[in-house]
Amino acid sequence: MSFTSFHFHEKIAAAVTSCGYTSPTPIQYKAIPPVLEGRDLLGLAQTGTGKTAAFVLPILQRLMTGPRKKVRALIVAPTRELAEQTHEYIGKMAEQTGLSSAVVYGGVGKQGQIGKIRGGAEIVVACPGRLLDHLDAGAFNLSKLEMLVLDEADHMFDKGFLPAIRRILKYVPKQRQTLIFSATMPNEIRHLAENILQSPVTVQIDHDLPAPTISHVLFQVEQPGKTALLKRIIEQTEMVSALIFTRTKHKAKTLALQLEKFGYSVTSLQGNLSQQKRQQALDGFKSGKYKILVATDIAARGIDVSRISHVVNYDMPDTAETYTHRTGRTGRACRTGEAFTFAGREDSRMISLIERNLGKKMQRPTLTDIPQESKSSAGIPAEMEYERPRQVQKKRNPAPARARTAGAGGDRGRRRSVPFDFDVRNLSTVAGGRRKSVAE
Ligand code: AMP
């Protein structure tokens, strides 16, 4: 199937071509035709599936005809990063159309946002809180709105935004086309969809299944050894860019500082940063200035950086769905990616849940050499970072040991709580149906 079958306006089709898209992704070929017909839609798709284009392209197509300089489409997003990213994406796809979008979120001045909207933006991308501030103050109105998109609705619910969404709905015309996109379907979102969508088409893309192009590798390691193991992985893997997840904001910050001390180009993204700092971190990571981004789940949700080669779960995610969201940052749009997960003894239940979701076992490298990491080589006081295995002899400058990859369940039963010396390049991973070396 190709994009020509959608019969987009030539200026939109030109943008699709210049983005290098050759064929629609599954969510696109399922969702775009009914949306172009004006149907309401419930799209079950996670980030990384191409869902943004699935609503942005039909919005642009609709807005090519009809009045200009009025807000005719509103996209509501749960985070500033997602809002900013969607706004930028619209800018790219609408470049030749004369249509424009304005972005609205808290933490930055209001006047610029109002000016852009009053200046004639046809599309508004907004986070709920700030949007309500503007609407309550009468800064602009949405009386001419034709299309409403609620993006990442499940995340909106997680963040407690549903009451705000219900209030926003009072400001928009009843007669409109509404699209809801959500990676999961909690009851609250199901009810919302039932209430606000009219005879919707439901489109589901591999519900909660991670992209098949990602290899999943599990390292059994307890907290004291994680940083040294991470350092080893970074050194021995050809990372184009890596997104590292920590559980807490504090850890994201301190780990980034620690990695910086080791000489890596690294930045962090966590909720305590000012909007300007967050944007700088994100822009720096997107442009390649920083090769590594350390982030918390909230901060990283929806990040769209197309060339993330590795996701590292430095701390285990809280749910199997979060694992899918995190690892969905790599292997996007048919590229291959690696997901490395550090798990301690207490994480075995979560690993089972994740593996059930994946439909397969994660790879567990079988490590044959257990050297002792010295303070000088790791830069971390050994007593702070390691539990040392008593049975192992001390080795100075050990040669990289070979690591074999255990197949499904092949290494079950082994439990090691220290980072081992190994050569990650010897890890053989299955990506996109073929065997692939990490260093390839
Ligand atoms: P999204 O799920 O919307 O965040 O999109 C994930 C990534 O896929 C973005 O970098 C898009 O630019 C890219 N993408 C979207 N549609 C296509 C397509 N049809 N072909 C290739 N890449 C795409």
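Below is a short write-up of the structure. (Residues numbered from 1 in each chain as written. Predicted model: local features only at pLDDT ≥ 70, side-chain atom pairs only at ≥ 80, totals over all residues. Heavy atoms only, no water.)

**Some thoughts on the overall build of the chain**
Right, so step 1: From N to C terminus, the chain includes 17 helices and 17 strands.
Right, so step 2: Here the chain, with 440 residues, has 57% of them falling under the buried criterion.
Right, so step 3: Sequence-distant contacts in the chain: of pairs separated by 6 or more residues, those separated by 24 or more amount to 76%.
Right, so step 4: Summed over all atoms, the accessible surface of the chain reaches about 19,200 Å², with 48% contributed by carbon and sulfur. (Helix = DSSP H or I, 4+ residues; strand = E, 2+ residues; numbered from the N terminus. Buried < 20%, exposed > 50% of the residue type's maximum accessible area, 1.4 Å probe, protein only. Contact = heavy atoms within 4.5 Å. Areas by Shrake-Rupley, 256 points an atom, 1.4 Å probe, with all protein chains shown as cover.)

**Focus on the sheet that holds strand 13 (residues 337-343)**
Right, so step 1: The 6 strands are arranged 8-13-12-9-11-10 in an open sheet whose pairing can be described as parallel. On the outer flanks of this sheet lie strand 8 (214-220) and strand 10 (266-269), each paired with one strand and no other. Between one strand axis and the next, the sheet turns by 20° as a mean value, whatever way the strands run.
Right, so step 2: In terms of strand pairing, strand 10 meets strand 11 (residues 292-295) through 4 bridges, oriented parallel. Bridging across to strand 11, Ser 268 finds its partner in Val 294. (Pairing = 2+ DSSP bridges. Axes fitted to C-alpha atoms, helices over the stretch in contact; angles between N-to-C directions.)

**Digging into helix 8 (residues 162-170)**
The periodicity of an α-helix, 3.6 residues per turn, causes residues three or four positions apart to be oriented the same way.
Right, so step 1: Of the residues making up helix 8, those classed as buried are Leu 162, Ala 164, Ile 165, Ile 168 and Leu 169. Here the buried residues of helix 8 occupy an arc of 155° about the axis, which is enough to place them on one side. In helix 8, the exposed positions that point more than 90 degrees away from the buried face belong to Pro 163 and Lys 170.
Right, so step 2: Structurally, helix 8 contributes buried residues whose contacts are with strand 2 (73-76), helix 6 (128-136), strand 5 (147-150), helix 7 (153-158) and helix 9 (187-196). (Arc of directions from axis to C-beta.)

**Focus on the packing of aromatic side chains**
Right, so step 1: Under the defined criterion, the tally for this structure stands at 7 aromatic pairs.
Right, so step 2: Both rings, one in Phe 55 and one in Phe 181, keep their centres 5.2 Å apart while their planes meet at 45°; by these two values the pair is tilted. Residue Phe 55 is found in helix 3 (residues 51-63), and its partner Phe 181 is found in strand 6 (residues 177-182); the two are separated by 126 residues along the sequence.
Right, so step 3: On the basis of relative accessible area, Phe 181 is assigned to the buried category, the value being 0%.
Right, so step 4: By the ring-pair criterion, three or more aromatic residues cluster together here, those being Phe 3, Phe 6, Phe 8 and Tyr 21.
Right, so step 5: Against the face of Phe 262 rests Lys 231, its NZ or CZ located 5.2 Å from the ring centre. (Phe/Tyr/Trp six-rings, centres within 6.5 Å; stacked < 30°, edge-to-face > 60°. Lys NZ or Arg CZ within 6 Å of the ring centre and 35° of its normal.)

**Some points on the environment of Leu 44**
Right, so step 1: By the secondary structure assignment, Leu 44 is in strand 1 (residues 41-44).
Right, so step 2: Taking relative accessible area as the criterion, Leu 44 reaches 7% and is therefore assigned buried.
Right, so step 3: Taking C-alpha positions, Leu 44 is 5.1 Å from Ser 182, a pair spaced 138 residues apart along the chain.
Right, so step 4: Once residues lying within four places of it in the same chain are set aside, the contact partners of Leu 44 are Ser 182, Thr 184, Met 185, Thr 202, Val 203, Gln 204 and Ile 205.

**Description of the pattern of salt bridges**
Right, so step 1: Applying the stated criterion across every chain yields a total of 15 salt bridges.
Right, so step 2: Residue Glu 235 pairs with Lys 231 through a salt bridge whose shortest N-O separation is 3.0 Å. A residue pair is termed a helical-turn pair when its members lie 3 or 4 positions apart in one helix, as Glu 235 and Lys 231 do in helix 10 (residues 226-236) at 4 residues.
Right, so step 3: Given a relative accessible area of 46%, Glu 235 falls into the partly exposed group.
Right, so step 4: For Lys 231, a relative accessible area of 9% puts it in the buried group.
Right, so step 5: Note that Arg 364 and Glu 355 form a salt bridge whose closest N and O atoms lie 2.8 Å from each other. (Salt bridge = Lys/Arg side-chain N within 4 Å of Asp/Glu carboxyl O.)

**Digging into helix 6**
Right, so step 1: Pro 128, Arg 130, Leu 131, Leu 132, His 134 and Leu 135 are the residues of helix 6 that are buried.
Right, so step 2: In this fold, the buried residues of helix 6 make contact with strand 2, strand 3 (101-104), helix 5 (111-118), strand 4 (123-126), helix 7 and helix 8.
Right, so step 3: Positive phi appears at Gly 138, one or two residues downstream of helix 6, with a value of about 70°.

**A few points about the site of the ligand**
Right, so step 1: The full set close to the ligand counts 15 residues, and Tyr 21, Gln 28, Gly 48, Gly 50 and Thr 52 are the nearest of them.
Right, so step 2: Between the ligand and Ser 23, the relevant distance is 2.9 Å, taken from a nitrogen atom to a main-chain nitrogen or oxygen of the residue.
Right, so step 3: Lys 51 is positioned such that a nitrogen or oxygen atom in its backbone is 3.3 Å from an oxygen atom of the ligand.
Right, so step 4: Within the complex, 88% of the 490 Å² of free accessible area of the ligand lies under protein.
Right, so step 5: Looking at which domains feed residues into the shell around the ligand, each of domain 1 (3-205) and domain 2 (214-365) supplies at least three. (Near = heavy atom within 4 Å. Polar contact = N/O pair within 3.5 Å; in protein donor to acceptor, adjacent residues only side chain to side chain. Domains from an automatic or database assignment.)

**Concerning the side chain of Arg 72**
Right, so step 1: Mapped onto the elements, Arg 72 comes out in the loop between helix 3 and strand 2.
Right, so step 2: For Arg 72, the side chain forms a polar contact with the main-chain oxygen of Thr 65, separated by 2.9 Å.
Right, so step 3: In this structure Arg 72 touches Arg 62, Leu 63, Thr 65, Gly 66, Pro 67, Glu 122, Lys 144, Leu 145, Glu 146 and Met 147, once residues within four positions along its chain are discounted.

**Section: the packing of helix 10 against helix 11 (residues 249-261)**
Right, so step 1: As a packed pair, helix 10 and helix 11 sit with axes 12 Å apart at the nearest point and diverge in direction by 50°. Comparing their axes, helix 11 and helix 10 come out oblique. The handedness of the crossing between helix 10 and helix 11 comes out as right-handed. Contact residues: helix 10 offers Thr 227, Leu 230 and Ile 234, while helix 11 offers Leu 255, Gln 258 and Leu 259.
Right, so step 2: Within the contact of helix 10 with helix 11, the residues separate by chemical class into 4 nonpolar, 2 polar and no charged. (Parallel < 35°, antiparallel > 145°, perpendicular 65-115°, else oblique. Left-handed = near helix turned anticlockwise from the far one by under 90°. Nonpolar A, V, L, I, M, F, W, Y, C, P; charged D, E, K, R; others polar.)

**Here's the deal with the nonpolar core**
Right, so step 1: Counting residues in each nonpolar core, the largest one holds 43 residues, and the members touching the most others are Leu 57, Ile 59 and Leu 60.
Right, so step 2: The leading source of residues in this core is helix 3, at 8 residues.
Right, so step 3: Apart from the residues within four sequence positions on either side, Leu 60 is in contact with Ile 12, Ile 90, Met 93, Ala 94, Leu 99 and Ile 123. (Core = buried A, V, L, I, M, F, W, Y, C linked by side-chain atoms within 4.5 Å.)

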